[in-house]
Amino acid sequence: MKQIEGSICAANGFTAGGIYCGIRKRNDKNDLALIFSKVPAHAAAVYTTNLVKGAPLTVTKLHIADGIAQAVICNSGNANTCNSDGIEIAEKMSCLTADKLGIKPEDVIVASTGVIGQKLRIDPIAGGMDALVASLSEKGDEEAAKAIMTTDTVMKKIAVEFEIGGKTCRLGGIAKGSGMIHPNMATMLVFLTTDTAISASMLQKALSHDVRKTFNMLSVDGDTSTNDMVAIMANGLAGNVEITAEGPDFDTFMEALNTVTIALCRSIAGDGEGATKLLECDVMGAADENVASVVAKSVITSSLLKAAMFGADANWGRVLCAIGYSGADLDVSKVDVAFRSAKGILPVCKNGAGIDFSEEFAKEVLLEKEITILVNLNSGDAEATAWGCDLTYDYVKINGDYRS
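These numbers were taken from a predicted model, which means no experiment stands behind them.

**Some remarks on the overall build of the protein chain**
Here is step 1 of the chain: Within the protein chain, the secondary structure is distributed over 11 helices and 15 strands.
Here is step 2 of the chain: For 404 residues, the compact-globule formula gives about 22 Å, and the C-alpha radius of gyration of the protein chain, at 22 Å, lands near that figure.
Here is step 3 of the chain: Dimensions along the principal axes, computed over C-alpha positions, put the protein chain at roughly 70 × 50 × 35 Å.
Here is step 4 of the chain: Looking at the 404 residues of the protein chain, the share that counts as buried comes to 55%.
Here is step 5 of the chain: Within the protein chain, counting contacts between residues at least 6 apart in sequence, those at least 24 apart form 80% of the total.
Here is step 6 of the chain: Total accessible area on the protein chain is roughly 16000 Å²; 50% of this is exposed by carbon and sulfur atoms.

**Observations regarding the sheet that holds strand β14 (residues 370-376)**
Here is step 1 of the chain: Strand order across the open sheet formed by six strands is β13-β12-β11-β14-β10-β15, with mixed pairing between neighbours. Here the strands that pair on one side only, and so sit at the sheet edges, are β13 (353-354) and β15 (382-389).
Here is step 2 of the chain: The sheet contacts of helix α6 (residues 248-270) involve β10 (278-286), β14 and β15, and relative to β15 the element is tilted by about 40 degrees.

**A short note on the side chain of S341**
Here is step 1 of the chain: Within the fold, S341 resides in strand β11 (residues 336-341).
Here is step 2 of the chain: The exposure class of S341 is buried, given its relative accessible area of 12%.
Here is step 3 of the chain: At 2.7 Å, the side chain of S341 and the backbone oxygen of V365 are in polar contact.

**Describing unusual backbone geometry**
Here is step 1 of the chain: Even without a glycine there, the phi angle at N80 is positive, about 50 degrees.
Here is step 2 of the chain: Among the structural elements, N80 can be located in the loop between β4 (68-76) and α2 (86-101).
Here is step 3 of the chain: By relative accessible area, N80 is classed as buried at 1%.
Here is step 4 of the chain: Backbone geometry at N378 places phi at a positive 50 degrees, although glycine is not the residue there.
Here is step 5 of the chain: Residue placement: N378 occurs in the loop between β14 and β15.

**Description of a negative patch on the surface**
Here is step 1 of the chain: On the surface, D313, E359, E360 and E364 cluster together into a negatively charged patch.
Here is step 2 of the chain: Looking at where E359 falls in the secondary structure, it is placed in helix α10 (residues 359-366).

**Observations concerning the side chain of N235**
Here is step 1 of the chain: Its location among the elements puts N235 in the loop between β9 (229-234) and α6.
Here is step 2 of the chain: Engagement of the side chain of N235 in a polar contact is seen with the backbone oxygen of N12, the distance being 2.8 Å.
Here is step 3 of the chain: Reaching out from N235, the side chain makes a polar contact with the backbone nitrogen of L237 at a distance of 3.1 Å.
Here is step 4 of the chain: With residues up to four places along the chain from it excluded, the contact list for N235 reads N12, G13, F14, S37, V39, P40, A41, T194, D195 and T196.

**With respect to the packing of α2 against helix α3 (residues 123-134)**
Here is step 1 of the chain: Axis separation between α2 and α3 bottoms out at 10 Å; the angle between their running directions is 35 degrees. Between α2 and α3 lies a crossing of right-handed hand. Judged by residue contacts, M93, L96, T97, K100 and L101 of α2 engage I125, A126, M129, D130 and V133 from α3.
Here is step 2 of the chain: The class makeup of the residues in the contact of α2 with α3 is seven nonpolar, one polar and two charged.

**Describing the nonpolar core**
Here is step 1 of the chain: If you look at the biggest cluster of nonpolar residues, it comprises 74 residues, and the most contacted ones within it are F215, F253, F339, I373 and V375.
Here is step 2 of the chain: Residue contributions to this core peak at 10 residues, all from α6.
Here is step 3 of the chain: Ignoring sequence-local partners within four residues, the contact set of F253 consists of F162, I164, L171, T194, T196, I198, L203, A206, I232 and I243.
Here is step 4 of the chain: Counting residues in each nonpolar core, the second largest holds 28 residues, with A11, A45, C74 and A145 among its members.

**Here's the deal with the environment of G6**
Here is step 1 of the chain: Residue position: G6 is located in the loop between β1 (2-4) and β2 (14-19).
Here is step 2 of the chain: Residue classification places G6 among the partly exposed residues on the basis of a relative accessible area of 24%.
Here is step 3 of the chain: Residues G6 and E138, 132 residues apart in the sequence, show an inter-C-alpha distance of 9.3 Å.
Here is step 4 of the chain: Discounting residues that sit within four places of it in the chain, G6 has contacts with D141, I158 and A159.

**Considerations on the state of the cysteines**
Here is step 1 of the chain: The full count for this structure, using the stated rule, is zero disulfides.
Here is step 2 of the chain: A disulfide-free cysteine, C21 has its sulfur positioned 11 Å from the sulfur of C74, the nearest such atom.
Here is step 3 of the chain: C349 supplies the cysteine sulfur nearest to C321, a cysteine that is in no disulfide, at a spacing of 13 Å.

**Observations regarding the pattern of salt bridges**
Here is step 1 of the chain: Under the defined criterion, the tally for this structure stands at 15 salt bridges.
Here is step 2 of the chain: Its salt-bridge partner being K2, residue E161 comes within 3.7 Å of it at the nearest N-O pair. Placement of E161 in strand β6 (residues 156-164) and of K2 in strand β1 is noted, with a sequence separation of 159 residues between them.
Here is step 3 of the chain: Overall, the relative accessible area of 16% leaves E161 in the buried class.
Here is step 4 of the chain: Its salt-bridge partner being K350, residue D336 comes within 3.3 Å of it at the nearest N-O pair.

**Examining the pairing of β11**
Here is step 1 of the chain: A large share of β11 lies buried, amounting to five of its six residues.
Here is step 2 of the chain: The pairing of β11 with β14 spans five bridges and is antiparallel. Bridge pairing in β14 places V337 opposite V375.
Here is step 3 of the chain: If you look at the hairpin formed by β11 and strand β12 (residues 344-350), you'll find two residues sitting between the two strands.

Parameters and conventions
- Residues numbered from 1 in each chain as written.
- Predicted model: local features only at pLDDT ≥ 70, side-chain atom pairs only at ≥ 80, totals over all residues.
- Heavy atoms only, no water.
- Helix = DSSP H or I, 4+ residues; strand = E, 2+ residues; numbered from the N terminus.
- Rg over C-alpha atoms; globule rule 2.2 N^0.38 Å.
- Buried < 20%, exposed > 50% of the residue type's maximum accessible area, 1.4 Å probe, protein only.
- Contact = heavy atoms within 4.5 Å.
- Areas by Shrake-Rupley, 256 points an atom, 1.4 Å probe, with all protein chains shown as cover.
- Pairing = 2+ DSSP bridges.
- Axes fitted to C-alpha atoms, helices over the stretch in contact; angles between N-to-C directions.
- Polar contact = N/O pair within 3.5 Å; in protein donor to acceptor, adjacent residues only side chain to side chain.
- Patch = residues over 30% accessible without salt bridge, like charges linked within 9 Å, V, L, I, M, F, W, Y side chains within 5 Å.
- Salt bridge = Lys/Arg side-chain N within 4 Å of Asp/Glu carboxyl O.
- Lys, Arg positive; Asp, Glu negative; His and termini not counted.
- Charge placed at Lys NZ, Arg CZ, Asp CG, Glu CD.
- Left-handed = near helix turned anticlockwise from the far one by under 90°.
- Nonpolar A, V, L, I, M, F, W, Y, C, P; charged D, E, K, R; others polar.
- Core = buried A, V, L, I, M, F, W, Y, C linked by side-chain atoms within 4.5 Å.
- Disulfide = S-S within 2.5 Å.

As structure tokens, then:
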């Protein structure tokens, strides 16, 4: 398993591209992305749990019900959500894409991101299709990654290479996500591609299992988005014997998938709206995995703790407070807490009670860009990790004038 250059075009048979077509008011950012597999691919996806869902999700669910897809089209600048003609527009996006690529409309995954409740015009998308298809290339991943960004400040992309059955396989992905990020899949847009041969059912099993420990453990602001999804296409061009059941080959694929998704989780958390720090909460010593997961999520979503981390304030009581209201069944008198960064480890709580520490050293530890909150429940062997960011003045500023 090794990280390689590229992302969604790293796997054999995939091209991508992105353009500005006029959906956004500003013309200095791409707003339309396309990913294409030269052969039909097995497909799987997971979707937001918000009851209010964007029209593209409804259309995509129908399109990949047969486990097949060959392209992804995604626009930014408009979520196509809560619109009376939303389904019609999403289907038109599919038809336009299919017509230009010579594939079936039902083999197109559709996604949108941006402002909710504003009608999405099809004209700029239709007018940009020739340029969008012309932009497809094996080096077009960055233009596609730019096109799906909203308040993101950096592109989020990664690819890995691994071996299954003596064949070299690749898996890569791009993501967007900065605000409206909160556990319970999905809360961002993530597009993954692989040339691994794997059945649609096993691909869905792999993705559904993975998100429990990755994207469902990610929170920026406590708001679960209406639109977003994680979708993966596997075109089988690596030539390995198709994975149709659990076993060593499936385990290797899961390791590759997990490597990519964790990297994207960290990228999204670190680029949270207005964020200055990436936060990670590592919970260990839990009675079971559910307890560990619940505690990690509770800590990472605490607004008070996030604010303290912004101020480099070792206010560990906020960690214990978040553990206490998490709903997990545990003995608080056994809990240990510490903060860790590149400057070292700062123990602050032992057996549920505070211990003496140097405020000067605490400041050094918490002024770093990446901070880990270490929680030991001392009640078992289960563990879990969650990711988030600090809460800053800029978060309010960004969301105070989001529509402009």
